[in-house]
Amino acid sequence: MENLAQQTLKNSYMAFLSQQEVEQIVRKYFPVIAEVINSSFREYLDVRTERSRYGVVDLKPRTCGSLINDFIKLRLAKAFAGNSEVVVGEFKGIVGILIRGEVFIRFKKLDDELKGSNAQTLQTEKYYKQIDFAGFGVEPTLLVAGFLPDSSWTQLIKIVLVCREGDTVVWFKDLTTEVKQSAIFEVAKINNVPAAESVPRVRAKKQDGKTGTDNK
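Now for a description of the structure that goes with this document. Being a predicted model, the structure only gives us computed values, none of them experimental.

### Some points on unusual backbone geometry
- At arginine 100, a position not held by glycine, the phi torsion is positive, near 55°.
- The topology assignment puts arginine 100 in the loop between β2 (94–99) and β3 (103–109).
- Since its relative accessible area comes to 41%, arginine 100 is described here as partly exposed.
- In the Ramachandran plot, tryptophan 153 falls in the positive-phi region, its phi being about 60° despite a non-glycine side chain.
- Tracing the sequence through the fold places tryptophan 153 in the loop between β4 (141–149) and β5 (156–165).
- Among the residues examined, tryptophan 153 registers a relative accessible area of 3% and is labelled buried.

Written out as structure tokens, the structure reads:
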């Protein structure tokens, strides 16, 4: 028999803003969001480069993602300091920004299907079903600003803003071109830095359109 939480998730899909409505609110922040992610990825690469000077780099994919997320959190606080429209914080364990009380954006590593690679939790399920997960008192549209690294975690391939309703991607916006220096997305040339353990460096097949991120 289903408990109350499971029944709520099955029946409760909140109304959320359309892509056009979201862009009217968030568009001016697209460059900031993209640059925060990009700069955080580059800072993570700096850590790998520095550590490589003392021997073999042995970073698990989870460690790579955690480092990037930590840098994102710090850079968000700086980027939006003094902005009365944007609240930056950690809400029920999820780092993100609440814009005008209408749009909440979390930051996360995504795979080729624009899904998070971590295990599905009740909180994640609520988030993707557009259910207020943090008791905001309002019903903001819940989005994900995602970054897609290559399989070696040495190249940032794409930055996207995604709106989901359950398992369905309602829409997504490619923010990669919002980064001022597009050359940053070229293959990172890091001397003597091997790929993260258990994540082999492979070239994606052109015919399937995959980026080389973890496919699950």
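Now that the structure has been shown, we can carry on.
### Regarding the sheet that holds β3
- Across the sheet, which stays open at both edges, the six strands sit in the order β1-β2-β3-β4-β5-β6 with mixed pairing between neighbours. Single-partner strands in this sheet number two, and they are β1 (86–91) and β6 (168–174). For this sheet the average axis-to-axis angle between neighbouring strands, irrespective of direction, equals 30°.
- In this sheet, β4 lies alongside β3 in parallel orientation, the contact comprising seven bridges. Along β4, the bridge assignment pairs lysine 108 with glycine 146.
- Along the sheet, helix α3 (residues 30–52) contacts β2, β3, β4, β5 and β6; its crossing angle with β5, the most-contacted strand, is approximately 130°.

### A closer look at the pairing of β6
- Two strands pair when backbone bridges link them, and β5 and β6 are joined in this way by six bridges, in the antiparallel orientation. Along β6, the bridge assignment pairs valine 162 with phenylalanine 172.
- Hairpin remark: β5 followed by β6, antiparallel, with two residues in the connecting loop; positive phi at glycine 166, about 65°.

About the criteria used
- Residues numbered from 1 in each chain as written.
- Predicted model: local features only at pLDDT ≥ 70, side-chain atom pairs only at ≥ 80, totals over all residues.
- Heavy atoms only, no water.
- Helix = DSSP H or I, 4+ residues; strand = E, 2+ residues; numbered from the N terminus.
- Buried < 20%, exposed > 50% of the residue type's maximum accessible area, 1.4 Å probe, protein only.
- Pairing = 2+ DSSP bridges.
- Axes fitted to C-alpha atoms, helices over the stretch in contact; angles between N-to-C directions.
- Contact = heavy atoms within 4.5 Å.

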